[in-house]
Amino acid sequence: MSQSWKPLPDDLSEPARRLAEELRAVKDAHRISLAELGKRTYLSKASWERWLNGKRLITPQALAGLIATVECDADLLTSLLRKAEAARDADEVLSSEAAHDTDEALSPAPAPAAPAEAPDAAPASPRPAPWRRPAAGVGAAVAAVLILFAALYLRGPHGGNGTASAATLPPKTAAATAAATAGPAPLCEGVGCAGKDPQDMRCDVDQRTLLTGNVGKVVLYVHYSPRCRAAWSGITDGSPGDSATITTNHGWQETALIHWGYDNYSVMVDASPGDTTLQVCGHQKEGDSCTGVVTDPAARASALPSPLPPAAAPTPTP
């Protein structure tokens, strides 16, 4: 028996509406509660409520987790998310251009400049603030990553063909396992990753979302890389000025601050000691809140599907 759903918002794009309807159908077909759905995907119940009711567009990571957890039409859901992302990005561009045109129309005409005896140097154009992903091409990039994640998740523990990740092995063998798996090798490990960008160091290749939390509509993330043995915070659905700070019990702390747009991530903290604990706390206009505390992040990551394909078997020597 399917549950009685609230009407979806009228301003949803057609692909976003269709995606929300398909997600609802998946939940109804498996007869799982929001709490159980959150438990299976390691995401919050509040986040799933927003995605299923069309308040926010589901994230690629969340959709990949759903595809790995329950039986569903992965190709259809992936296609709909790609189209919904493209529609959202197009709306953001149009809104930005409309606001720019309005500002220009309301601005008074500048007074004629007095002739200068010598030409002045042209003022430097403002540089974009760091840590914000570029808007152009986001839809295509997200789609490519989602397709890869979904396909690899289906080959993980839920498909019966998964292999042990680096997080399940002793630290001394983690580097060897990373080298044996497909994908670029990370450029740092443990304390060597502290203060560095996870994308620049290739630590995002095998990252797992260990835990999420909410501050109002804002979603906080605890990200961890088994190969790099490092962690970082993430924040989505926020506003400029919102932040998410990750801390460890060993004194490491880094903050993701949204300069513009709606999301961001921090640089990394060292999570290599065996007794490491991780927590992300957010500061937003709605108030302050924190995720739960993650103990033994390596063990928790090993229980999640790996985004990396299994290591190739060695070629027999003739």
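A look at helix α2 (residues 34-41)
Part 1 of the argument: Among the residues of α2, those classed as buried are Leu34, Leu37, Gly38 and Thr41. Each buried residue of α2 sits inside an arc of 100° when the element is viewed along its axis, so together they form one side.
Part 2 of the argument: The inward-facing, buried residues of α2 contact α1 (14-30), α3 (45-52) and α4 (60-69).
Part 3 of the argument: Residue Tyr42 follows α2 closely and has a positive phi angle near 60°.

Points about the packing of α2 against α3
Part 1 of the argument: Taken N-terminus to C-terminus, the directions of α2 and α3 make an angle of 110°; their axes are 8 Å apart at the nearest point. Taken together, the axes of α2 and α3 are roughly perpendicular relative to one another. Crossing geometry of α2 relative to α3 is assigned as right-handed. Across the interface between the two elements, Leu34, Ala35, Leu37, Gly38 and Thr41 of α2 pack against Lys45, Trp48, Glu49 and Leu52 of α3.
Part 2 of the argument: For the contact of α2 with α3, the per-class residue count stands at five nonpolar, two polar and two charged.

Here we look at the nonpolar core
Part 1 of the argument: With 26 residues, the main nonpolar core has Leu19, Leu23, Trp48, Ile58, Leu63 and Leu66 as its most contacted residues.
Part 2 of the argument: Setting aside chain neighbours within four positions, we find Ile58 in contact with Leu19, Leu23, Trp48, Trp51, Leu63 and Leu81.
Part 3 of the argument: Grouped together as the second largest cluster of nonpolar side chains are 20 residues, Tyr224, Val269, Ala271 and Ala301 included.

Some thoughts on the pattern of salt bridges
Two side chains of opposite charge can pair, provided their charged atoms sit close to one another.
Part 1 of the argument: On inspection of all chains with the given rule, the structure shows eight salt bridges.
Part 2 of the argument: Between Lys55 and Glu49 there is a salt bridge whose closest N-O contact spans 3.0 Å.

So, the packing of α2 against α4
Part 1 of the argument: Following both chains from N to C, one finds α2 and α4 inclined at 95°, their axes separated by 9 Å at the closest point. Here α2 lies roughly perpendicular to α4, going by the angle between them. Residue-level inspection shows Leu37, Arg40 and Thr41 of α2 in contact with α4, the latter providing Gly65, Leu66 and Thr69.
Part 2 of the argument: Taken together, the residues that form the contact of α2 with α4 break down as two nonpolar, three polar and one charged.

Examining the environment of Ala87
Part 1 of the argument: Inspection of the secondary structure puts Ala87 in helix α5 (residues 74-106).
Part 2 of the argument: Excluding residues that lie within four positions of it along the chain, Ala87 makes contacts with Ser13 and Pro15.

Let's talk about the state of the cysteines
Part 1 of the argument: This model, assessed by the stated rule, comprises three disulfides.
Part 2 of the argument: Residue Cys188 pairs covalently with Cys193 via a disulfide, S to S 2.0 Å. Here the S-S torsion is close to 105°, and the disulfide linking Cys188 with Cys193 is therefore right-handed. The pair Cys188 / Cys193 is uniform in exposure class, with both members buried.
Part 3 of the argument: Covalent S-S linkage joins Cys281 and Cys290, the inter-sulfur distance amounting to 1.9 Å. Negative torsions about the S-S bond denote left-handed disulfides, and the value of about 105° found for Cys281 with Cys290 makes this one right-handed.
Part 4 of the argument: Residue classification places Cys281 among the partly exposed residues on the basis of a relative accessible area of 25%.
Part 5 of the argument: Under the relative-accessibility criterion, Cys290 is labelled partly exposed at 38%.

Section: unusual backbone geometry
Part 1 of the argument: The backbone of Arg202 shows a phi angle near 65°, a positive value even though the residue is not glycine.
Part 2 of the argument: Topologically, Arg202 is positioned in the loop between α7 (171-180) and β1 (208-215).
Part 3 of the argument: The backbone of Asp237 sits at a positive phi, close to 60°, despite the residue not being glycine.
Part 4 of the argument: Along the chain, Asp237 turns up in the loop between β3 (230-236) and β4 (243-248).

What to know about the pairing of strand β9 (residues 287-290)
Part 1 of the argument: Relative to β9, strand β8 (residues 277-284) runs antiparallel, the two sharing four bridges. Directly across from Cys281, in β9, lies its bridge partner Cys290.
Part 2 of the argument: Once β8 ends, the chain turns through two residues before running back antiparallel as β9.

How each quantity is defined
Residues numbered from 1 in each chain as written. Predicted model: local features only at pLDDT ≥ 70, side-chain atom pairs only at ≥ 80, totals over all residues. Heavy atoms only, no water. Buried < 20%, exposed > 50% of the residue type's maximum accessible area, 1.4 Å probe, protein only. Helix = DSSP H or I, 4+ residues; strand = E, 2+ residues; numbered from the N terminus. Arc of directions from axis to C-beta. Contact = heavy atoms within 4.5 Å. Axes fitted to C-alpha atoms, helices over the stretch in contact; angles between N-to-C directions. Parallel < 35°, antiparallel > 145°, perpendicular 65-115°, else oblique. Left-handed = near helix turned anticlockwise from the far one by under 90°. Nonpolar A, V, L, I, M, F, W, Y, C, P; charged D, E, K, R; others polar. Core = buried A, V, L, I, M, F, W, Y, C linked by side-chain atoms within 4.5 Å. Salt bridge = Lys/Arg side-chain N within 4 Å of Asp/Glu carboxyl O. Disulfide = S-S within 2.5 Å. Pairing = 2+ DSSP bridges.

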